[in-house]
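Remarks on the overall topology
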Amino acid sequence: MGRTNGGIPPEDCARMMRSKGLRPAAIGRARTRMITIRPGLPADSRAIASVHVDTWRLAYSGILGSDYLAGLSKRDWTKSLHTRLTTPGSAEFVLVAEAERRLVGFVAGGPDRESDPRYEGEIYAIYVLRRMQFRGMGRALFLAAVDGFLLRGMRSLLVWVLA
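Right, let's walk through the structure included here. Since we're looking at a predicted model, the values are computed, not measured.

**Observations concerning the packing of aromatic side chains**
Scanning the entire structure with this criterion turns up five aromatic pairs. When the ring of Trp 56 is compared with that of Tyr 68, the centres are 6.4 Å apart and the planes differ by 50 degrees; the resulting orientation is tilted. Taken together, the positions of Trp 56 in helix α2 (residues 45-59) and Tyr 68 in helix α3 (residues 66-70) put the pair 12 residues apart, joining distant regions of the chain. Accessibility expressed as a relative area gives 15% for Trp 56, which makes it buried. For Tyr 68, a relative accessible area of 48% gives the class partly exposed. Plain terms: the ring middles of Phe 106 and Tyr 127 are 6.0 Å apart, the flat faces sit at 45 degrees to each other, and that makes the pair tilted.

As structure tokens, this is what we get:
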């Protein structure tokens, strides 16, 4: 199992968005469905944990061991997320995507954990439920995260990918 990374300056993402005629308000639409991107709340912890564990089990089947994936605990992830979402003054953030009145995806980010001087921010996780994939949810979450990094003064970012 290898990990690869890719750094994308948020300014480039914003430029690409504008070149396609998109504005931040346009992020709210994913194909024909209206979605909402908002900050995650402590009350969202269970739903975010469910998205996290369910998408890991699907996305990483055949990459990670089946015993490991079966052992993922929604209860443990809920506790971890609740702590993250209730820590005052944290530079980390969690944004959630809602569609059809349900939480269907999330992105978590914050300062680069590798202390790589080339990158200030890092997307820690970005997951969308399988039934909502290929509808623009991941793009909307990513672009909202770019805004989150820029608001925190982070002008470059890193994304780790399991490969």
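**Thoughts on helix α5 (residues 137-151)**
The first and last C-alpha atoms of α5 sit 21 Å apart over 15 residues, in line with the 21 Å expected at 1.5 Å per residue. Three or more residues of α5 are buried, namely Met 137, Ala 140, Leu 141, Phe 142, Leu 143, Ala 144, Ala 145, Val 146, Gly 148 and Phe 149.

So, how was this worked out
Residues numbered from 1 in each chain as written. Predicted model: local features only at pLDDT ≥ 70, side-chain atom pairs only at ≥ 80, totals over all residues. Heavy atoms only, no water. Phe/Tyr/Trp six-rings, centres within 6.5 Å; stacked < 30°, edge-to-face > 60°. Helix = DSSP H or I, 4+ residues; strand = E, 2+ residues; numbered from the N terminus. Buried < 20%, exposed > 50% of the residue type's maximum accessible area, 1.4 Å probe, protein only. Expected span 1.5 Å × (residues − 1).

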